[in-house]
Amino acid sequence: MREVLIRNEEDTRAFGHQLAEKLQPNTVIALIGDLGTGKTTLSRYIAEGLGVKETITSPTFTVVLEYHSGRLPLYHFDVYRVNDPDDLFEIGAEEYFYKGGVSIVEWADQVAEILPDDTLCIFIEYGEKEGERIYKCTF
């Protein structure tokens, strides 16, 4: 597992943009971390790197938001309130994963069993200093 030290929001932006450059259709990104570790912030910078023009917000109450203004469509999931992974099947999550865009799933550990085997996982942890994060990446 590769570890990346993120010292500040500018590092988050750089990481998100670099990742976005490499993303291909049907990529699923799983973001896993405690409340306040920056999952939505990272999602916003990945979206920015894809060229998404809309403001990225957390889709907590709608589960998924779609953005079509970037290089690839972006499907942003927040499954914090999903109690049963089968609930994602009911909203067509698997179809989103293979719809030709990029799917970012916040709180992905709650639905890990339905994510594709080739999902890019980023475990986000607090660093030692204020504002620092450690990204543990499976890619």
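Located above this text is the structure these notes cover.
As the structure is a prediction and not an experimental result, all values here were calculated from the model.

Trainee: Just give me the short version of the overall build of the protein chain, but keep the residues and values in it.
Mentor: Scanning the protein chain from terminus to terminus reveals four helices and seven strands. Along the chain direction, N to C, the helices and strands of the protein chain fall in the order β-α-β-α-β-β-α-α-β-β-β. A compact globule built from 139 residues would reach a C-alpha radius of gyration of about 14 Å, and the protein chain, at 14 Å, matches this within 12%. With the principal axes as the frame, the protein chain shows a C-alpha extent of 40 × 30 × 25 Å. Going through the 139 residues of the protein chain one by one, you find that 48% of them count as buried. Partitioning the intrachain contacts of the protein chain with sequence separation of at least 6 by distance along the chain shows that 61% fall at a separation of at least 24. As presented, the protein chain carries roughly 7,300 Å² of accessible surface, and 47% of it is formed by carbon and sulfur atoms. The distance from the centre of the 13 positive side-chain charges to the centre of the 25 negative ones in the protein chain is 9 Å.

Trainee: Help me get a handle on the packing of aromatic side chains, residues and values and all.
Mentor: Using the criterion set out here, one finds five aromatic pairs in the structure. Ring geometry for Y80 versus W107: centroids 4.7 Å apart, planes at 50°, classification tilted. A residue pair is termed long-range when its members are at least 10 positions apart, and Y80 in the loop between β4 (74–78) and α3 (86–90) and W107 in the loop between β5 (102–106) and β6 (120–126) qualify at 27 residues. Connected via pairs of aromatic rings, a cluster forms that spans Y75, F77, Y96 and F97. The ring centre of W107 lies 4.0 Å from the NZ or CZ of K39, which sits over that ring. The residue whose ring lies beneath R44 is Y45, and the NZ or CZ to ring-centre distance is 5.8 Å.

Trainee: Lay out the sheet that holds β5 with the relevant residues and their values.
Mentor: Strand-to-strand pairing in sheets goes through backbone hydrogen bonds, with the strands running parallel or antiparallel. Sheet architecture is open: seven strands sit in the order β1-β7-β6-β2-β5-β4-β3, paired in mixed fashion. The sheet is open, and its two edges are formed by β1 (2–6) and β3 (64–67), each paired on a single side. Across the sheet, the mean angle from the axis of one strand to that of its neighbour is 20°, orientation sign disregarded. In this sheet, β5 lies alongside β4 in parallel orientation, the contact comprising five bridges.

Trainee: Please set out the pattern of salt bridges residue by residue, giving values where relevant.
Mentor: Scanning the entire structure with this criterion turns up four salt bridges. Note that E48 is salt-bridged to R13, the shortest N-O span being 2.8 Å. Separated by 35 residues along the polypeptide, E48 in helix α2 (residues 39–50) and R13 in helix α1 (residues 9–22) bring together distant segments of the chain. Looking at E48, the relative accessible area reads 32%, which means it is partly exposed. A residue is classified by how much of its surface remains accessible, and R13, at 28% relative accessible area, is partly exposed.

Trainee: Explain the nonpolar core to me, and be specific about the residues and the numbers.
Mentor: It is characteristic of soluble globular proteins that their nonpolar side chains tend to be buried jointly. Within the largest apolar cluster, 24 residues are counted, with the highest numbers of intra-cluster contacts made by F15, I29, I46, L50, L74, I122 and Y135. When contributions to this core are tallied by element, the ones reaching two or more residues are β1, α1, β2 (27–33), α2, β5, β6 and β7 (133–137). Considering every element that reaches this core, the biggest residue donor is α2, with four residues. Not counting residues within four places of it along the chain, the set of residues in contact with I29 comprises L19, L23, I46, V102, S103, I104, V105, T119, L120 and I122.

What counts, and at which threshold
- Residues numbered from 1 in each chain as written.
- Predicted model: local features only at pLDDT ≥ 70, side-chain atom pairs only at ≥ 80, totals over all residues.
- Heavy atoms only, no water.
- Helix = DSSP H or I, 4+ residues; strand = E, 2+ residues; numbered from the N terminus.
- Rg over C-alpha atoms; globule rule 2.2 N^0.38 Å.
- Buried < 20%, exposed > 50% of the residue type's maximum accessible area, 1.4 Å probe, protein only.
- Contact = heavy atoms within 4.5 Å.
- Areas by Shrake-Rupley, 256 points an atom, 1.4 Å probe, with all protein chains shown as cover.
- Lys, Arg positive; Asp, Glu negative; His and termini not counted.
- Charge placed at Lys NZ, Arg CZ, Asp CG, Glu CD.
- Phe/Tyr/Trp six-rings, centres within 6.5 Å; stacked < 30°, edge-to-face > 60°.
- Lys NZ or Arg CZ within 6 Å of the ring centre and 35° of its normal.
- Pairing = 2+ DSSP bridges.
- Axes fitted to C-alpha atoms, helices over the stretch in contact; angles between N-to-C directions.
- Salt bridge = Lys/Arg side-chain N within 4 Å of Asp/Glu carboxyl O.
- Core = buried A, V, L, I, M, F, W, Y, C linked by side-chain atoms within 4.5 Å.

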